Amino acid sequence: MPDGTVSPATNRARREMKNGVESNDSSRYVPPEHDDVETQPAVSRRDFFKRLGASGLVAIAPGAATLNAEAASPDGTPEQVHLTWGEEPASSVVVSWASVAQATNPRVHLRSSSGHQRTVHALQRTYTDGLNGETVFTYHAPLHGLKPGTQHEYSVTADNDSNAATPFSASFHTAPRGRAPFRWTSFGDLATPNTVWVLSSPQSRFAVEAVEQFQPLFHLLNGDLCYANLNPAAQPAVWRDFGNNNQTSAAFRPWMPCLGNHEVEFNNGTQGFTSYLTRYWLPENGSRFRGRWYSFRVSSVLFISLDADDVIYQDGAAFVAGPSPLVPAASTGNAPIAPGTSFYIRGYSGGEQTQWLERTLREARDNDDVDWIVVQMHQDALSSSKTGNGSDKGIREAWLPLFERYGVDLVLCGHDHDYERSWPVKGCNHNSGRDVSTGAAVDTLQPKPAATSVARDGSFDTSHGTIHLILGGGGTSAPLDVYGIDSDNQSPQAKVFTKPNRPVPGTTAGAFVRQPADAVEDAIWSARRDPSTGYGIAVFDLDPGQPGKKTRITVSYYHAPGADQIPTANYELLETIVLAKHRRD
Ligand SMILES: [Fe+2]
Ligand SMILES: [Fe+2]
């Protein structure tokens, strides 16, 4: 199933939502004025019972639902525990988690390898899902002043933790300071192991286990985290299954996410990101769009995480296909969402993200401690999946010229549930695409390969061009590893969105569809595709090199043969490439 379309199961969930609640046609839909995530100091035990009062009702937060008398002893047991880097990965890590009900005195107990111990109290962030009315409680404990390159042990608990005697415990490593070798991994499009949910598959558990198998310092999760927006009646439950599946790895090493089209949810914030932003505490970007994009540096590599929803033409986010409307639970006060409505957020930052990107890239180029720049985003500038979405001209217009100008080495994406590696690309050809309906020439800004073979030493020098990797093989139930072929010359062919594909009436009365990409081009930039399976994980090892010599990144892609038919824990090496360039010092 192409990404972003609505399956029969989704429609079933929608029907159940409508049948399960009273429709309130008279209520007026009022878009949220802002979607700043509410952050508060967590409630202490004394405050909690003080607020409980004589009525047995407790106000959780302004605008949030109330708990009934049964919640007088709510379950604050930590779950969905996960780590992210703080502002400085060598010395700061954020421990985040959720609990079924409000936690009392939520906290992290930290023990460093030197024996130093401390307790850090967590901040609470809550939201009430705008479709089913469920309130979600999350907790975040930023840990600062940590020793670089060091193992730290921690436990997470609360006064109302049912496991208080043996609270959840794990350990992590801080990043090294200065140039040092390290490993990271990446994939996107993970979903959950609970097959009740649309696009979920048992493969997503094996994918998380694969991260642990490779023991990276951290993992990049490049968007489409759990597809909650395809399960609109149960978004918080989908996120919960996702968080508990990831905990196996994400409690032991930071998982750094980026936003995809399936993080966009109706009635959850101005861009639909409230579920994501509440759960993830991410580095600052200095704008009013905190959490949508950010950067961090480990060793000599600058990592930049972008939200391509802001620049793509493709309309692939939350969508009501119809013919029935999507009817939120009555408790939300939100009006039914009409068939044909899609949550299209292209341009939401008004250019702020691109300005931030240019500033961040310029600073990196002025910093001789940065040898490598790696970008993570969800959607694709260079993808030739035929069953998937393909490429998007919006990214080519907005960001590829910046990647070129400032020497971005690697771009890691997902969105198409497969593997594809480009040659290093630089510049573009004009008017080499073709409109799929009229056959007329279209300017797809076709990327030009800077090399179509490896150098004599067997490596790629990415100072001559950027390599794009599609790593969308996390664990969804929809592999998209069928690739385009130009029937005229048998060379790889890519679909390209060059304009918005907003909903149009479909063949079923009252129902709407979104058309696939409007253009095709020869994928002269495509170097490797994996038609054997849509599942895999990329492993990256940095060799910082010596002053005046070369530094290298070894990229190994492991795929899961057979996973398209039967989920499997078996990941095998598909290919290894080496990127090499001169150090800047
Ligand atoms: Fe996806
Ligand atoms: Fe996607």
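Now for a look at the structure at hand. Keep in mind it's a predicted model, so treat the numbers as computed, not measured. (Residues numbered from 1 in each chain as written. Chains lettered and ligands numbered in written order. Predicted model: local features only at pLDDT ≥ 70, side-chain atom pairs only at ≥ 80, totals over all residues. Heavy atoms only, no water.)

**Remarks on the overall build of the protein chain**
- On a plain count of helices and strands, the protein chain comes out with 8 helices and 34 strands.
- A burial count over the protein chain gives 59% of its 585 residues as buried.
- Look at the contacts in the protein chain between residues 6 or more apart in sequence, and 76% of them connect residues 24 or more apart.
- Total accessible area on the protein chain is roughly 21500 Å²; 50% of this is exposed by carbon and sulfur atoms. (Helix = DSSP H or I, 4+ residues; strand = E, 2+ residues; numbered from the N terminus. Buried < 20%, exposed > 50% of the residue type's maximum accessible area, 1.4 Å probe, protein only. Contact = heavy atoms within 4.5 Å. Areas by Shrake-Rupley, 256 points an atom, 1.4 Å probe, with all protein chains shown as cover.)

**What about unusual backbone geometry?**
- Looking along the chain, the bond that leaves Gly322 and enters Pro323 is cis, with omega of 5°.
- Within the secondary structure, Pro323 sits in the loop between β16 (301–305) and α6 (352–365).
- If you check the backbone angles, Gln215 has positive phi at about 50° while not being a glycine.
- Within the secondary structure, Gln215 is located in the loop between α3 (203–214) and β13 (218–221).

**Some words on the environment of Asn105**
- Among the structural elements, Asn105 can be located in the loop between β5 (93–99) and β6 (107–112).
- Sequence separation between Asn105 and Asp159 is 54 residues, and the spatial gap between their C-alpha atoms is 5.8 Å.

**A word on the packing of α3 against helix α4 (residues 235–250)**
- Direction vectors running N to C along α3 and α4 enclose 15°, while the axes themselves pass 8 Å from each other. Classified by the angle their axes make, α3 and α4 are roughly parallel. Considering how the two elements wind past one another, α3 and α4 form a crossing that is right-handed. For the pair α3 and α4, the contacting residues are Ser204, Arg205, Val208, Val211 and Glu212 in the first and Asn245, Asn246, Thr248 and Ser249 in the second. (Axes fitted to C-alpha atoms, helices over the stretch in contact; angles between N-to-C directions. Parallel < 35°, antiparallel > 145°, perpendicular 65-115°, else oblique. Left-handed = near helix turned anticlockwise from the far one by under 90°.)

**Focus: the sheet that holds strand β7 (residues 117–121)**
- Read across the sheet, 4 strands follow the order β7-β6-β10-β11 without closing on themselves; strand pairing throughout is antiparallel. The strands lining the two open edges of the sheet, one partner per strand, are β7 and β11 (168–173). Here the average twist between neighbouring strands, direction ignored, is 25°.
- When strand β10 (residues 151–157) meets β11, the two strands line up antiparallel, connected through 6 bridges. Bridged to Ser155 within β11 is Ser169. (Pairing = 2+ DSSP bridges.)

**So, the coordination of the iron ion (ligand 1)**
- Within the first shell, the iron ion (ligand 1) binds the protein through Asp189 (OD), Asp224 (OD), Tyr227 (OH) and His417 (NE2), at distances of 2.1 to 2.2 Å.
- Around the iron ion (ligand 1), the 4 donor atoms sit at angles spanning 87 to 172°, and that spread fits a shape best called irregular.
- Mapped onto the polypeptide sequence, the residues donating to the iron ion (ligand 1) form the spacing pattern D-x34-D-x2-Y-x189-H.
- The iron ion (ligand 2) is placed at 3.4 Å from the iron ion (ligand 1), the two being bridged by Asp224. Of this pair, Asp189 sits in the loop between β12 (182–187) and α3 while Asp224 is found in the loop between β13 and α4, placing the two residues 35 residues apart along the sequence.
- Note on Asp224: relative accessible area 0%, which makes it buried. (Donors = N, O, S within 2.8 Å, 3.2 Å for Na, K, Ca; no water. Tetrahedral: all angles 85-135°; square planar, octahedral: opposite > 155°, others 65-115°.)

**Examining the pairing of strand β27 (residues 493–497)**
- Burial analysis of β27 places 5 of its 5 residues in the buried class, the great majority of the element.
- Because side chains alternate across β27, one face comprises the buried residues Gln493, Lys495 and Phe497, and the other comprises Ala494 and Val496, equally buried.
- One ladder, built from 2 bridges, connects strand β18 (residues 391–392) with β27; its direction is parallel. Bridge pairing links Ser391 to Val496 in β27.
- Pairing of β27 with strand β30 (residues 519–522), which is carried by 4 bridges, proceeds in the antiparallel orientation. Bridge pairing in β30 places Lys495 opposite Val520.

**What to know about the pattern of salt bridges**
- In the structure shown here, the tally under the stated rule is 20 salt bridges.
- A salt bridge links Arg253 to Glu212; the shortest N-O distance between them is 2.6 Å. Here Arg253, found in the loop between α4 and β14 (255–257), pairs with Glu212, found in helix α3; they are 41 residues apart in sequence, far enough to count as distant.
- What makes Glu212 buried here is its relative accessible area of 16%.
- A salt bridge links Arg396 to Glu521; the nearest nitrogen and oxygen atoms lie 2.8 Å apart. (Salt bridge = Lys/Arg side-chain N within 4 Å of Asp/Glu carboxyl O.)

**Observations concerning the sheet that holds β30**
- On the basis of which strands lie adjacent, the open sheet formed by 5 strands has the order β18-β27-β30-β22-β23 and mixed pairing. A strand with exactly one partner marks an edge of an open sheet, and here the two such strands are β18 and β23 (441–442).
- In this sheet, β23 lies alongside strand β22 (residues 433–435) in antiparallel orientation, the contact comprising 2 bridges. Bridging from a neighbouring strand, Arg434 pairs with Ala441 of β23.

**Examining the pairing of strand β15 (residues 294–298)**
- Residues Tyr294, Phe296 and Val298 of β15 are buried on one face, while the alternating residues Ser295 and Arg297, pointing to the opposite face, are not.
- Pairing between β15 and β16: 5 bridges, direction antiparallel. Within β16, the residue paired with Ser295 across the bridge is Ile304.
- Count of turn residues in the β15/β16 antiparallel hairpin: 2 residues, of which Ser299 carries a positive phi of about 55°.

**Description of the side chain of Lys393**
- Mapping Lys393 onto the fold places it in helix α7 (residues 393–398).
- Buried charge without a salt bridge: Lys393, with Glu397 as the nearest opposite-charge side chain at an N-O distance of 4.2 Å. (Lys, Arg positive; Asp, Glu negative; His and termini not counted.)

**A word on the environment of Gly439**
- For Gly439, the location among the structural elements is in the loop between β22 and β23.
- What makes Gly439 partly exposed here is its relative accessible area of 39%.

**Details of α6**
- The terminal C-alpha atoms of α6, which comprises 14 residues, lie 20 Å apart, in line with the 20 Å expected from a rise of 1.5 Å per residue.
- Within the sequence span of α6, burial applies to Gln353, Trp356, Leu357, Thr360, Leu361 and Ala364. Buried positions in α6, seen along its axis, are confined to an arc of 130° and lie on one side of it.
- Of the surrounding secondary structure, the elements contacted by the buried residues of α6 are β15, β16, β17 (372–376) and α8 (400–406). (Expected span 1.5 Å × (residues − 1). Arc of directions from axis to C-beta.)

The analysis is restricted to geometry; functional conclusions fall outside its scope.
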